[in-house]
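# Structural overview for review
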Amino acid sequence: MTMGDDRLDWIFDDSSALEKRYDEWAATYDADHDRWGWRGPDLAATAAMRHIEIDDATASIVDAGCGTGKAGIALRRAGWAGRLVGVDLSQGMLDRASSLGVYDELVRGSLDDVPLADGRAIAVVSTGVFTHGHVGGHALAELCRITRPGGVVVVTRRLDLPDDFAHHADRLSRAGAWEEVARSEPERLHPDRDDTEQVVITWRVGAGAIADEGS
Ligand SMILES: C[S@@+](CC[C@H](N)C(=O)[O-])C[C@H]1O[C@@H](n2cnc3c(N)ncnc32)[C@H](O)[C@@H]1O
């Protein structure tokens, strides 16, 4: 097993020190993910650009769990010229993202309680975050909250997780808070690391209330 594989596994095995561990991984994260052929950021950026409908030069895209900034680079490459805001738990990862010069604002914070105002984003993109020992399905409500009505939320999701993701996504749909508008075919988004299949899901945010928190 390579050093990079070790790191991915211990991050997945223990979430209690996730922030510190990403701080330590920040320097070599990009090299590991380039070697594994990580495709999530490109696919999510393409999906976001395809579904954004609001024409507003002041609008922001929020990269939730931005890490070293791979989705930020992908969004710029896909043509996003407006404001780009990154949020992440790890200052080490944010420092790497900052060095790219593609984000207008980088915020340290948790997706459990995103430190951004309601309706701040025209789109939220989150890649590689809804996975083992990272962020639970309950955080989908936060991504929905910071997106304005008519905007979109685009997330990569591993299919091997026995998690609460679908429960929370469906709850938001039933409440009229958002509607799923696209879902990619399952495929390997780390093709040179493992056989895990993932999907890219896009929801369009509506005006509906988010009922019954905690259900
Ligand atoms: C596998 S990396 C993905 C980074 C980037 N989005 C990408 O696709 O390369 C997961 C990122 O999520 C961040 N993260 C994990 N849990 C988080 C939480 N609760 N709130 C905010 N960020 C979190 C980590 O610090 C890390 O930067």
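Here's a quick rundown of the structure. Source: prediction; values computed, not measured. Each residue is numbered by its place in its chain's sequence as written, counting from 1. Residue-level local features of this predicted model are given only where pLDDT is at least 70; pairs of side-chain atoms are given and counted only at 80 or more, and the full residue set underlies all totals for whole chains, interfaces and linings. Excluded from the side-chain calculations are hydrogens and water; all other atoms, namely the structure's heavy atoms, are used.

## Describing the overall build of the protein chain
- Numbered from the N terminus, helices here are DSSP runs of H or I no shorter than four residues, and strands are runs of E no shorter than two. Scanning the protein chain for helices and strands turns up seven helices and eight strands.
- We call a residue buried when its accessible area falls under 20% of the maximum for its residue type, exposed when it is over 50%, and partly exposed in between, using a 1.4 Å probe and counting protein chains only. Per-residue burial for the protein chain yields a buried fraction of 51% across its 215 residues.
- Contacts are assigned to residue pairs that have any heavy atoms within 4.5 Å of one another. Counting contacts in the protein chain only where the partners sit at least 6 residues apart, residues at least 24 apart contribute 70% of the total.

## Considerations on the site of the ligand
- The immediate surroundings of the ligand are formed by 21 residues, with Y29, W38, G65, D88 and T127 found nearest.
- Here a polar contact is taken to be a pair of N or O atoms separated by no more than 3.5 Å, where protein atoms must pair a possible hydrogen donor with a possible acceptor and residues adjacent in sequence count only if both atoms sit in side chains. The side chain of Y29 places a nitrogen or oxygen atom 2.7 Å from an oxygen atom of the ligand.
- Interatomic distance of 2.7 Å between a backbone N/O atom of G65 and a nitrogen atom of the ligand.
- Contact with the protein chains removes 97% of the 590 Å² of surface that the ligand exposes when unbound.
- Mapped onto the shell around the ligand, the elements with two or more residues apiece are α2 (18-36) and β4 (121-130).
- Taken together, the residues of the shell around the ligand sort by class into 11 nonpolar, eight polar and two charged. Working definition: residue near molecule or strand if any one of its non-hydrogen atoms lies within 4 Å of it. Areas reported as accessible are Shrake-Rupley estimates using a 1.4 Å probe. Residue values count occlusion only from the protein chains shown. Charged residues are taken to be Asp, Glu, Lys and Arg, nonpolar residues to be Ala, Val, Leu, Ile, Met, Phe, Trp, Tyr, Cys and Pro, and polar residues to be all remaining types, Gly included.

## Observations regarding helix α3 (residues 40-51)
- An expected span of 1.5 Å times one less than the residue number is assigned to each helix. End to end, α3 covers 17 Å across 12 residues, agreeing with the expected 16 Å (1.5 Å per residue, within 8%).
- Within the span of α3, buried status applies to G40, P41, A44, A45, A47, A48 and H51. Down the axis of α3, the buried set is contained in an arc of 165 degrees. They therefore lie on one face.
- Where α3 is buried, its residues meet α4 (70-77), β4, β5 (147-158), β6 (178-183) and β8 (197-205). Here the arc refers to the directions that run from the helix axis out to each C-beta atom.

## Observations regarding α4
- Among the residues of α4, A71, G72, A74 and L75 are the ones counted as buried. Angularly, the buried residues of α4 cover 165 degrees about the axis, an arc narrow enough to put them on a single face.
- Of the surrounding secondary structure, the elements contacted by the buried residues of α4 are α3, β1 (60-64), β2 (83-88) and β4.
- Positioned one or two residues after α4, G79 has a phi angle of 110 degrees, which is positive.

## Some thoughts on the nonpolar core
- Counting 32 residues, the largest nonpolar core has I61, L75, V125 and V154 as the members making the most contacts within it.
- Put simply, the parts of the chain that give this core at least two residues each are α2, α3, α4, α5 (91-100), β4 and β5.
- Beyond its immediate sequence surroundings of up to four residues, V125 is in contact with A44, A48, I61, V62, D63, A64, A71, L75 and V154.
- What is meant by a nonpolar core is a set of buried Ala, Val, Leu, Ile, Met, Phe, Trp, Tyr and Cys residues, joined one to another through side-chain atoms within 4.5 Å. Membership of the second largest hydrophobic core comes to 30 residues, among which are V124, V129, W178 and V199.

## Looking at the pairing of β2
- Burial analysis of β2 places five of its six residues in the buried class, which makes it a mostly covered element.
- Orienting the strands away from the viewer, one traces the path from the first strand over the helix to the second; a clockwise path indicates a right-handed crossover. Once the chain exits β1 it traverses α4 before rejoining the sheet at β2, and the crossover so formed is right-handed.
- Strands pair, by our definition, only if DSSP identifies at least two bridges between them. Of the pairings in the sheet, the one linking β2 to strand β3 (residues 105-108) comprises four bridges and is parallel in character. Across the sheet, G86 pairs through a bridge with L106, a residue of β3.
- Chirality of the crossover, the property in question, places the unit of β2, α5 and β3 among those that are right-handed.

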